[in-house]
There are 4 protein chains.
Amino acid sequence: MTRRRSDTREQIRRVALELFAEQGYEKTSLREIAERLDVTKAALYYHFKTKEDIVASLFADFHAEAEELLEWARGQQPTPASRREFVRRYAEIIQGPGKEMLRFMQQNEPAVRDLKGGADLRARMQSFAEFLVDKETSLPDQIRARLSILTLHMTHFAMRDTDIDENELQDAALEVALDLIPDE
Amino acid sequence: MTRRRSDTREQIRRVALELFAEQGYEKTSLREIAERLDVTKAALYYHFKTKEDIVASLFADFHAEAEELLEWARGQQPTPASRREFVRRYAEIIQGPGKEMLRFMQQNEPAVRDLKGGADLRARMQSFAEFLVDKETSLPDQIRARLSILTLHMTHFAMRDTDIDENELQDAALEVALDLIPDE
Amino acid sequence: MTRRRSDTREQIRRVALELFAEQGYEKTSLREIAERLDVTKAALYYHFKTKEDIVASLFADFHAEAEELLEWARGQQPTPASRREFVRRYAEIIQGPGKEMLRFMQQNEPAVRDLKGGADLRARMQSFAEFLVDKETSLPDQIRARLSILTLHMTHFAMRDTDIDENELQDAALEVALDLIPDE
Amino acid sequence: MTRRRSDTREQIRRVALELFAEQGYEKTSLREIAERLDVTKAALYYHFKTKEDIVASLFADFHAEAEELLEWARGQQPTPASRREFVRRYAEIIQGPGKEMLRFMQQNEPAVRDLKGGADLRARMQSFAEFLVDKETSLPDQIRARLSILTLHMTHFAMRDTDIDENELQDAALEVALDLIPDE
DNA sequence: CATGAATGAGTATTCATTCAT
DNA sequence: AATGAATGAATACTCATTCAT
């Protein structure tokens, strides 16, 4: 059973992300990824130059979505309303397909930090913060703005020991996140 | 030149925590720890049975502090005031010597998760949450309570790209954390 | 210079058996095997999952020959004649390619005992004994039957300090072995 | 609780032999011996210069008993009767305290071979054979003589999968062994 | 588009041994 | 008579990577 052109490439990305998010970057070996897909390790090297490149390719996706969001933000006046809209849009991104990516980034800092593209992601987060608060805002409010983003990132993880419905949880997380944006 | 009794053991723990927090558990090899201390790898094995046991020993310290805090909490009525006091006390723990431990735990989830004692730590967090909110509380407030703890954990990390003074930051983080505990 | 397909695998088995028989399982390191073949240790791991698996693969061969012999035995009435034929056939196996395997098994009991497949081999020997003597036979004759097999196993070893020709020795060993099978 | 003078030395020998016979020489570490006796590894080094020396000391005991037996043999005319008496006396040695030693020697050839004193033991066996058969005896009878000794060595081991009483087994083994000594 | 075979550099761990106290 | 602390050399094994086919 042959695959459609570069179906394999997509499969590699999918499985890799799954495993990286679940077990961490270091603990996931190329052998493991290859075995899950029932191809050889060498096949991975046909599609990606290195292990790092697989991750870089995944980062790029997320990066693109973040960039698009920032593009939108650049066209907005930073008001409480537009800021809340920003949070809402970001929630949509990371509660959708970006969820696993996020988990990976959040729970594998030391690895992500020195991976190609890891620095960019951090810069992106910094840009988010800059849109969400004025430079002169009080320190607690600056923390709150960042916490707003983090709330979206972490809720799923922080509440994993409860048995609350995933959708309810996401809605509540968004509510809390919006609430952390200063009213002016 | 021999060291004082079990000085070495303490040094191993210190250096190990430093490196684990900085580079992650997997990326830190016993060779690296040994080299920093100018002893052989075998010396580490004289003091600890496995690499995992070094971490377990570090976890144990944190675990003990958390346990002490919970002991105190068990003697309290859960009121907004006592809950805030709880957060204050926890802040003292993790902004002190527990800071590196926290960073390690937060940024190396996949590794920590299957390390000896890792599960216990998570259970502890769960107990914290139980003291901080009533079961019937609204979902957003439940999230806020957990976020309160997370604020203390993450502020240093979330703000690392700014150049704000460490102490100011801790104070502001505590303020935000306290503010996330429901009023009534 | 690459080798023919799976030539290497066969070479590993050959050299490993040689060394295991000569120096014992524990004393033979994978480094040593690799060096003799002028490949890296990692190459061994390409062909076998573990050191134990190399042995297991060797055991399997011997196991197969033993099984074939037992298959034949199952089709026979156990008479003095068929029993002697059994001993003759067994002699052929172990005086041929099985010789080194035998030496290894005989002289490395503690190691063999807990290797994958080691238990099976022992069970096989037990089955041999069952074909060679009736359950009600006198104890000395039961011992003799087992000794018959052992004679074939051990003669080479027990006589190694003499300078008798190998073939003469094998013939004499067979004669002694056959003589130990009760006449009825 | 202190030990009597050099009680410890004896204990080390006892435990070491036990473990060497059970698990083999290589697989038995000094740590294991020390732990069983609840002393440190360094304590072993107070009593023996090396691991090999522990074995050498055990060999020496067996060696002495063998030497005594040979001393007796040297004073005898080699007749069928005296040869049978020799076998009887040897049986007494190795079915008594020498049993574990024998098991060790038999099942750890590669290790024993290069241990201090291992060569001597082999030479002793050679001397046994020389007393038991004339040089001009037929090859099969030479094999039988050696097999006679081997019978005593191996019976316990070769019959371990049956549930026959140990004493009965030893008696039967002696009977078979005696029977292997040529009549005239 | 992919495989089979291999490598080099690394990892955690174990062991016999030493020595100052 | 024994310990606590340490070493140096080894071991089995894993991993990301390469390349001819």
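Note that residues are indexed from 1 along each chain, following the sequence as it is written. The order in which chains are written sets their letters, starting at A; the order in which ligands are written sets their numbers, starting at 1. Local features in this predicted model are restricted to residues of pLDDT 70 or higher, and side-chain atom pairs are both shown and tallied only at a pLDDT of 80 or more, whereas totals for entire chains, interfaces and linings draw on every residue. Excluding hydrogens and water, the side-chain values take into account all heavy atoms of the structure.

1. Notes on the packing of helix α1 (residues 7-23) of chain B against helix α6 (residues 98-107) of chain B
In helix packing, the relevant descriptors are the interaxial angle and the interaxial distance, both defined with respect to the helix axes. All names here are of chain B. Relative orientation of the contacting elements α1 and α6 amounts to 40 degrees, with a least axis distance of 8 Å. Comparing their axes, α6 and α1 come out oblique. Pair α1 / α6 crosses with left-handed handedness. Residues L17, E18, F20, A21 and E22 of α1 touch α6, and the partners they reach there are E100, M101, R103, F104 and Q107. In this count, Pro and Cys sit with the nonpolar residues alongside Ala, Val, Leu, Ile, Met, Phe, Trp and Tyr, while Asp, Glu, Lys and Arg are called charged and the others, Gly among them, polar. A per-class count over the contact of α1 with α6 returns 5 nonpolar, 1 polar and 4 charged. Every axis in this analysis is a line fitted to C-alpha atoms, fitted for helices over the stretch in contact. Angles between the N-to-C directions lie between 0 and 180 degrees. Note on conventions: DSSP H or I runs of at least 4 residues are helices, E runs of at least 2 residues are strands, and numbering of each starts at the N terminus. Oblique is the label for any angle not under 35 degrees, not over 145, and not in the 65 to 115 range, which are roughly parallel, roughly antiparallel and roughly perpendicular in turn. Each crossing is labelled by how the near helix is turned from the far one, with a counterclockwise turn of less than a right angle marking it left-handed and a clockwise turn marking it right-handed. Here, residues are in contact when the closest pair of their heavy atoms is within 4.5 Å.

2. Considerations on the UniProt feature "domain: HTH tetR-type" (unreviewed entry) in chain A
UniProt positions are given in the numbering used here, feature names are shortened, and annotations may be inferred rather than shown by experiment. UniProt's entry tags residues 6-66 of chain A with the feature "domain: HTH tetR-type" (unreviewed entry), counted in the numbering of this structure. This span, residues 6-66 of chain A, is 79% helix and 0% strand, and a straight line between its end C-alpha atoms measures 25 Å.

3. Things to note about the protein's contact with DNA strand E
Note on terminology: near, applied to a residue and a molecule or strand, indicates that one of the residue's heavy atoms is within 4 Å of it. Near DNA strand E there are 37 residues, and of these A:T40, B:Y45, C:T40, C:Y46 and C:H47 occur at the shortest range. The sugar and phosphate moieties of DNA strand E supply 65% of its atoms located within 4 Å of the protein. Pairs of N or O atoms within 3.5 Å make up the polar contacts considered here, provided that, within protein, one atom can donate a hydrogen while the other can accept it, and that residues adjacent in sequence are counted only when both atoms are side-chain atoms. Take B:S29: an N or O atom from its side chain is 3.2 Å from a phosphate oxygen of DNA strand E. Side-chain polar atom of C:T40 to a phosphate oxygen of DNA strand E: 2.8 Å apart, as the coordinates give it. Looking at the surface near DNA strand E, the elements with two or more residues in it are α3 (41-47) of chain A, α2 (30-37) and α3 (41-47) of chain B, α3 (41-47) of chain C together with α2 (30-37) and α3 (41-47) of chain D. Looking at side-chain class alone, the surface near DNA strand E contains 14 nonpolar, 13 polar and 10 charged residues.

4. Description of the relation of the copies chain A and chain B
One copy of the chain maps onto the second through a rotation about an axis and a displacement along it. When chain A is fitted onto chain B, the two copies agree to an RMSD of 0.1 Å after a turn of 180 degrees and an axial shift of 0.0 Å. Read as a symmetry element, the transformation amounts to a two-fold axis. When the interface residues of chain A are mapped onto chain B, 100% of them are again interface residues, pointing to one common binding face. Least squares is the method used to superpose the copies, on C-alpha atoms of residues holding a pLDDT of at least 70 in both.

5. Observations concerning the domain arrangement of chain A
All names here are of chain A. Residue ranges labeled as domains rest on an automatic or database domain assignment. Looking at the assigned domains, one finds that chain A contains domain 1 (1-49) and domain 2 (51-180). Of note, the centres of domain 1 and domain 2, computed from C-alpha atoms alone, are 26 Å apart. Taken together, the contact pairs 16 residues of domain 1 with 16 residues of domain 2. Take the accessible area each of two parts loses on contact, using a 1.4 Å probe, and add the two losses: that sum is the buried area. It is R13, L17 and Y25 that lose the most area in domain 1 upon contact with domain 2, and together they represent 42% of the buried surface on that side. Should a side-chain nitrogen of Lys or Arg be within 4 Å of a carboxyl oxygen of Asp or Glu, the pair is scored as a salt bridge. Summed over the shared surface of domain 1 and domain 2, the result is 1 salt bridge.

6. A look at the interface of chain A and chain B
Each partner contributes to the interface: chain A provides 41 residues, whereas chain B provides 41 residues. The junction of chain A with chain B conceals about 3500 Å² of combined surface from both sides, 62% of it contributed by carbon and sulfur atoms. For the interface between chain A and chain B, the tally reads 4 salt bridges. Of the charged contacts in the structure, one is a salt bridge between A:R144 and B:D179, with a shortest N-O distance of 3.3 Å. Sorting the residues of the side of chain A that touches chain B by element identifies α1 (7-23), α6 (99-107), α7 (109-113), α8 (118-132), α9 (139-158) and α10 (166-179) of chain A as the ones contributing at least two each. No other element matches α9(A), which puts 13 residues into the side of chain A that touches chain B. Taken together, the residues that form the side of chain A that touches chain B break down as 16 nonpolar, 10 polar and 15 charged.

7. A closer look at the interface of chain C and chain D
Each partner contributes residues to the interface: chain C has 41 residues there, and chain D has 41 residues. The junction of chain C with chain D conceals about 3500 Å² of combined surface from both sides, 63% of it contributed by carbon and sulfur atoms. Those elements that provide at least two residues to the side of chain C that touches chain D are α1 (7-23), α6 (98-107), α7 (109-113), α8 (118-132), α9 (139-158) and α10 (166-179) of chain C. Of the residues forming the side of chain C that touches chain D, the biggest block, 13 residues, is contributed by α9(C).

8. Topic: the protein's contact with DNA strand F
Not every one of the 36 residues close to DNA strand F is listed here, only the nearest: B:Y46, B:H47, C:Y45, D:T40 and D:H47. In DNA strand F, atoms within 4 Å of the protein come from the sugar-phosphate backbone in 67% of cases. Taking A:K51, its side chain carries an N or O atom lying 2.8 Å from a phosphate oxygen of DNA strand F. Note that a phosphate oxygen of DNA strand F is positioned 3.1 Å from one of the backbone N or O atoms of C:L30.

9. What to know about the packing of aromatic side chains
Within 6.5 Å between ring centres, the rings of Phe, Tyr and Trp (the latter by its six-membered ring) count as paired, and their orientation is classed by plane angle as stacked under 30 degrees, edge-to-face over 60, tilted in between. Taken as a whole and judged by the stated rule, the model has 27 aromatic pairs over all chains. For the pair D:W72 and D:F131, a centre-to-centre distance of 6.5 Å together with 70 degrees between the ring planes defines the contact as edge-to-face. Of this pair, D:W72 sits in helix α4 (residues 51-74) while D:F131 sits in helix α8 (residues 118-132), placing them 59 residues apart in sequence. For the pair formed by D:W72 and D:F131, the shared burial category is buried. Taking the centre distance of 5.2 Å and the plane angle of 40 degrees together, the rings of D:F86 and D:F131 count as tilted. With D:F86 in helix α5 (residues 80-95) and D:F131 in helix α8, this pair connects stretches of sequence that are 45 residues apart. Every member of this aromatic cluster is reached through a ring pair, and the members are B:W72, B:F86, B:Y90, B:F128 and B:F131. Sitting over the face of the ring of C:Y25, C:K51 holds its NZ or CZ atom 4.3 Å from the ring centroid. The classification of residues rests on relative accessible area computed with a 1.4 Å probe and restricted to protein chains. Under 20% of the type maximum is buried, over 50% is exposed, and intermediate values are partly exposed. Distance and angle both matter: a charge sits over a ring if NZ of Lys or CZ of Arg is within 6 Å of the ring centre and within 35 degrees of the ring normal.

10. A look at the packing of α10(C) against helix α9 (residues 139-158) of chain D
Between α10(C) and α9(D), the least distance of the axes is 9 Å, while the angle of their chain directions is 65 degrees. With respect to each other, α10(C) and α9(D) are oriented roughly perpendicular. Crossing hand, α10(C) versus α9(D): right-handed. In contact with C:E168, C:L169, C:A172, C:A173, C:E175, C:V176 and C:D179 of α10(C), α9(D) contributes D:L139, D:P140, D:I143, D:R144 and D:L147. Its residues assigned to classes, the contact of α10(C) with α9(D) shows 8 nonpolar, no polar and 4 charged.

11. Focus: the UniProt feature "DNA-binding region" (unreviewed entry) in chain A
If you check UniProt for "DNA-binding region" (unreviewed entry), the listed places come out as residues 29-48 of chain A in our numbering. Secondary structure across residues 29-48 of chain A divides into 75% helix and 0% strand, with the first and last C-alpha atoms of the span separated by 14 Å.

12. A closer look at the pattern of salt bridges
Close approach of charged atoms allows side chains with opposite charge to pair. All chains considered together, the criterion is met by 76 salt bridges over all chains. Across the salt bridge formed by D:R74 and D:E67, the nearest N and O atoms sit 3.4 Å from each other. Given the relative accessible area of 23%, D:E67 is considered partly exposed. Among the ionic pairs, D:D183 bridges to D:R84, the shortest N-O distance being 2.8 Å. Taken as a pair, D:D183 in the segment after α10 (166-179) and D:R84 in helix α5 lie far apart in primary sequence, 99 residues in all. Overall, the relative accessible area of 65% leaves D:D183 in the exposed class. What emerges from the salt-bridge pattern is a single network uniting A:E67, A:E71, A:R74 and A:R124.

13. Points about α5(D)
Between its first and last C-alpha atoms α5(D) spans 22 Å; for 16 residues at 1.5 Å apiece the expected length is 22 Å, and the two agree. Among the structural elements, α4, α6 (98-107), α8, α9 and α10 of chain D are those in contact with the buried residues of α5(D). To estimate the expected span of a helix, subtract one from its residue number and multiply by 1.5 Å.

14. Remarks on the relation of the copies chain C and chain D
For these two chains of identical sequence, chain C goes onto chain D by a turn of 180 degrees and a shift of 0.0 Å along the axis, with RMSD 0.1 Å. In this assembly, 100% of the residues forming the interface of chain C have copies in chain D that are likewise at the interface, indicating an isologous arrangement.

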